[in-house]
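# Tertiary structure, described
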Amino acid sequence: RRHSIFHNPKIMKAKGILYLIPNVLVLETGQDIMAPVVKNVIANTSHYLVEDFRTVRRYISSLKLGVKLEEVHLEKLDKKTPEIQLKKLLAPLLKGHDVGIISEAGCPGIADPGANAVALAHKLGIKVVPLPGPSSMFMALMGSGFNGQSFTFNGYLPIDRKDRVQAIKELEAKSIRENTTQMFMETPFRNNRMLEDLLANLSSNTLLCIASNITGADEMIQTKKVADWRKKHPDLHKIPAVFLIHHS
């Protein structure tokens, strides 16, 4: 059924293709957000490595592609998956089946599981095809107005407050020293504490971009000086957000 540069049904493949399939950042936005090539691959793929079964079933169902979920094979791939298990998970590829990796949200391998499986696929001579889709980190960077030539995504900062404050100060110093954009995120229920620490410890003239609920109806991407955020700042409790700082 697939008609694209990715697959010709008349050609028998010795090995399948490993597709890195983006997931939505906000539930029920797939119809509007996902590119036709993503929908096409999902419509024609029956083997997946996923971070969460329920999330992926809900995602595939929301695209209304006519996929019969009972015929879809899902295997778990998360940050706890041991490397010794990866070869077993990639076995369908060696038999000629295409396999898709879908993480909880956004793009696999970017602040989400998938990189180890991709690395093994390359070693096994399996073709890897990343598909275009929403990435909260890159969309936040695009909307921030900060340096997009030199930037670092730092993942999650330390949970311990003393260590977190130290990390914030070090990232600000690095941004000043190297003229780089520093990005990081936090678990949504700890976002307000993160914001409090940012406003208390960053220089008043440092620019802070807050990007929350990206692609959602209430999406917010705003860049202001820390001094201005201190006057009025949003409630980010349980709202997915990315934080960016820049001080040249």
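In the block above lies the structure referred to throughout.
Presented here is a report on the structure given in the accompanying data block. (Residues numbered from 1 in each chain as written. Predicted model: local features only at pLDDT ≥ 70, side-chain atom pairs only at ≥ 80, totals over all residues. Heavy atoms only, no water.)

## Regarding the overall build of the chain
- Of regular secondary structure, the chain possesses 10 helices and 10 strands.
- By its C-alpha atoms, the chain is 60 × 35 × 30 Å across when sized along the principal axes.
- Looking at the 248 residues of the chain, the share that counts as buried comes to 47%.
- For the chain, the share of sequence-separated contacts (at least 6 apart) that also reach a separation of at least 24 residues comes to 75%.
- Where the 33 positive side-chain charges of the chain centre and where its 24 negative ones centre are 4 Å apart. (Helix = DSSP H or I, 4+ residues; strand = E, 2+ residues; numbered from the N terminus. Buried < 20%, exposed > 50% of the residue type's maximum accessible area, 1.4 Å probe, protein only. Contact = heavy atoms within 4.5 Å. Lys, Arg positive; Asp, Glu negative; His and termini not counted. Charge placed at Lys NZ, Arg CZ, Asp CG, Glu CD.)

## Focus on the sheet that holds strand 3 (residues 73–76)
- Pairing is parallel in the open sheet, where 5 strands are placed in the order 3-2-4-1-5. Strands at the two margins of the open sheet, each flanked by one partner only, are strand 3 and strand 5 (127–130). On average, each strand axis in the sheet is tilted by 25 degrees relative to the strand beside it, whichever way the strands run.
- By the bridge criterion, 4 bridges tie strand 2 (residues 47–50) to strand 3 in an arrangement that is parallel. Among the inter-strand pairings, His47 is bridged to a residue of strand 3, identified as His73.
- Running over the sheet, helix 3 (residues 53–62) touches strand 2, strand 3 and strand 4 (99–102) and is turned about 145 degrees from strand 3. (Pairing = 2+ DSSP bridges. Axes fitted to C-alpha atoms, helices over the stretch in contact; angles between N-to-C directions.)

## Some words on the pattern of salt bridges
- The tally for this structure, following the rule as stated, stands at 7 salt bridges.
- Ionic pairing is found between Glu28 and Arg58, a salt bridge with its closest N-O pair at 3.6 Å. Residue Glu28 is located in the loop between strand 1 (17–20) and helix 1 (30–33), and its partner Arg58 is located in helix 3; the two are separated by 30 residues in the primary sequence.
- Here Glu28 falls in the exposed class, since its relative accessible area comes to 53%.
- For Arg58, a relative accessible area of 38% puts it in the partly exposed group.
- Two residues, Asp197 and Arg164, come together in a salt bridge whose shortest N-O distance is 2.7 Å. One end of the pair, Asp197, is in helix 9 (residues 191–201); the other, Arg164, is in helix 8 (residues 161–178), and 33 residues separate them in sequence. (Salt bridge = Lys/Arg side-chain N within 4 Å of Asp/Glu carboxyl O.)

## Points about the nonpolar core
- Counting 19 residues, the largest nonpolar core has Ile21, Ile42, Tyr48 and Tyr59 as its most contacted members.
- Among the elements of the structure, strand 1, helix 2 (36–43), strand 2 and helix 3 are those that each provide at least two residues to this core.
- Non-local contacts of Ile21, meaning those with residues more than four positions away in its chain, are made with Val38, Val41, Ile42, Tyr48, Tyr59, Gly100, Ile101, Ile102, Gly106, Pro108 and Leu131. (Core = buried A, V, L, I, M, F, W, Y, C linked by side-chain atoms within 4.5 Å.)

## Examining the side chain of Asp98
- Along the polypeptide, Asp98 turns up in the loop between helix 5 (91–94) and strand 4.
- Residue class for Asp98 comes out buried when judged on its relative accessible area of 9%.

## Digging into the packing of aromatic side chains
- Taken as a whole and assessed by the stated rule, the structure comprises 2 aromatic pairs.
- A ring pair is formed by Phe138 and Phe151, whose centres lie 6.3 Å apart and whose planes are at 85 degrees; its orientation type is edge-to-face. With a gap of 13 residues between them, Phe138 in helix 7 (residues 136–144) and Phe151 in strand 6 (residues 151–156) connect regions that are remote in the sequence.
- Plain terms: the ring middles of Phe184 and Phe243 are 6.1 Å apart, the flat faces sit at 20 degrees to each other, and that makes the pair stacked. Note that Phe184 is positioned in strand 7 (residues 181–185) and Phe243 in strand 10 (residues 241–246), a separation of 59 residues in sequence.
- When its relative accessible area of 0% is taken as the criterion, Phe184 is described as buried.
- For Lys224, the ring lying beneath its charged end belongs to Trp229, and the centroid distance is 4.7 Å. (Phe/Tyr/Trp six-rings, centres within 6.5 Å; stacked < 30°, edge-to-face > 60°. Lys NZ or Arg CZ within 6 Å of the ring centre and 35° of its normal.)

## Considering the packing of helix 8 against helix 9
- At a minimum axis separation of 10 Å, helix 8 and helix 9 run at an interaxial angle of 55 degrees. Between helix 8 and helix 9, the interaxial angle falls into the category oblique. The handedness of the crossing between helix 8 and helix 9 comes out as right-handed. Contacts from Arg161, Arg164, Val165, Ile168, Lys169 and Glu172 of helix 8 reach helix 9 at Met194, Asp197, Leu198 and Asn201. (Parallel < 35°, antiparallel > 145°, perpendicular 65-115°, else oblique. Left-handed = near helix turned anticlockwise from the far one by under 90°.)

## Overview of helix 3
- Every buried residue of helix 3 is accounted for by Thr55, Val56, Tyr59, Ile60 and Ser62. The arc that holds the buried residues of helix 3, viewed along the axis, is 160 degrees, so those residues lie on one side.
- Those residues of helix 3 that are buried lie in contact with helix 1, helix 2, strand 2, strand 3 and strand 4. (Arc of directions from axis to C-beta.)

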